[in-house]
Amino acid sequence: MARAKKNVHKTGRRHPLATAALVAVGLLVTGAAYAGFSQTSATAEIDLESPATIEAGQKLFGANCATCHGAAAQGTPDGPSLVGVGAASVNFQVGTGRMPLAFQGPQGMVKPQQFSEEQTLQMAAYVASLAPGPGLPETQYLQADSDDEGIAKGGELFRINCAMCHNVSAAGGALTQGKFAPKLTGVAPTHIYEAMVTGPQNMPVFSDANITPQQKADIISYLKYIEEKPAIGGLTLGSIGPVAEGLFIWVIGLGAIIGLTVWVTAKSN
């Protein structure tokens, strides 16, 4: 009887590694939750309509942007007016590092951000306070979680509205006068959405009347799908279209034909 009680006591004890395993699981869950909501939280923590946020953004704008865009963002010969461009435009241009410009050229180049996310949102709040314009996108449209039907619809919309410049595989393409449509792989969903509603540089504006928010979300889902799926059919050659593929065929094909001809000639002699 005593032995039985002893065994029951032993089986009721917690394994020495149970605490460590519980802590590890907690850390994983916390990390996943943070990754999923970090963008939402960062935006939610900053009230874009707060006078303090707008004032901080005005100071940053005056110190870093007014030289080209004017003290009141009214524009100068060196930079366009920002009155009415909205918070989305500022968040896109500054968030992708295109602004401030590194040099005057056909278009702004993507580069490391000069400002933190908080500073970027503060400047966005200031510009948004000047006149109505496109606001920051709602988080529900940035999840890239459309179902198969939504992804198919997004692909159709992309091919109709975007592929002529960005390539059917979103690899980008050349435009006129030294300009180009950038590749869309590796671009944050926020910036894809903001580009659609603001029309940066050579890109047209796709308002909600042209492409609804849900359709924009489907396009984002499609882009993330083709970004993550494995290449089917072998070497992609950069996925930049028939020029690269034709060059490859000519070089490799003609080289193979010439090599085979030389080999046959040598063997026959």
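Scope of this entry: the structure provided in the associated data block. (Residues numbered from 1 in each chain as written. Predicted model: local features only at pLDDT ≥ 70, side-chain atom pairs only at ≥ 80, totals over all residues. Heavy atoms only, no water.)

**So, the pattern of salt bridges**
Inference 1: The final tally for this structure, using the stated rule, is four salt bridges.
Inference 2: Between Lys 216 and Asp 208 there is a salt bridge, with its nearest N and O atoms 3.1 Å apart.
Inference 3: When its relative accessible area of 42% is taken as the criterion, Asp 208 is described as partly exposed.
Inference 4: For the salt bridge of Glu 227 with Lys 224, the shortest nitrogen-to-oxygen distance reads 3.3 Å. Here Glu 227 and its partner Lys 224 are both found in helix α10 (residues 213–228), three residues apart, which amounts to about one turn of the helix. (Salt bridge = Lys/Arg side-chain N within 4 Å of Asp/Glu carboxyl O. Buried < 20%, exposed > 50% of the residue type's maximum accessible area, 1.4 Å probe, protein only. Helix = DSSP H or I, 4+ residues; strand = E, 2+ residues; numbered from the N terminus.)

**Quick word on the nonpolar core**
Inference 1: Counting residues in hydrophobic clusters, the biggest one holds 22 residues, and the most contacted among them are Phe 158, Ala 170, Tyr 193, Ile 219, Ile 220, Tyr 222 and Leu 223.
Inference 2: Elements that contribute at least two residues to this core include exactly α7 (148–161), α9 (189–198) and α10.
Inference 3: Ignoring sequence-local partners within four residues, the contact set of Ile 220 consists of Tyr 141, Leu 142, Ala 144, Pro 189, Ile 192, Tyr 193 and Met 196.
Inference 4: In terms of nonpolar packing, the next biggest core, distinct from the first, is built from 16 residues, Leu 60, Cys 65, Ala 66 and Val 90 among them. (Core = buried A, V, L, I, M, F, W, Y, C linked by side-chain atoms within 4.5 Å. Contact = heavy atoms within 4.5 Å.)

**What to know about the packing of aromatic side chains**
Inference 1: Inspection of every chain in the model, using the stated rule, returns three aromatic pairs.
Inference 2: Measuring from ring centre to ring centre gives 5.4 Å for Phe 61 and Tyr 126, while their planes differ by 50°; the resulting arrangement is tilted. You can see Phe 61 sitting in helix α3 (residues 51–64) and its partner Tyr 126 sitting in helix α6 (residues 117–130), a full 65 residues away along the chain.
Inference 3: Of the residues examined, Phe 61 reaches a relative accessible area of 2% and is grouped as buried.
Inference 4: With a relative accessible area of 5%, Tyr 126 lands in the buried category.
Inference 5: Seen in terms of ring centroids, Phe 158 and Tyr 222 are 5.8 Å apart; in terms of plane orientation they differ by 45°. Their pairing is tilted. Highlighted residues: Phe 158 in helix α7 and Tyr 222 in helix α10, separated in sequence by 64 residues.
Inference 6: According to the relative accessible area criterion, Phe 158 is buried, its value standing at 0%.
Inference 7: Positioned above the aromatic ring of Tyr 193, the side-chain terminus of Lys 216 is 5.8 Å from the ring centre. (Phe/Tyr/Trp six-rings, centres within 6.5 Å; stacked < 30°, edge-to-face > 60°. Lys NZ or Arg CZ within 6 Å of the ring centre and 35° of its normal.)

By themselves these figures say nothing about function.
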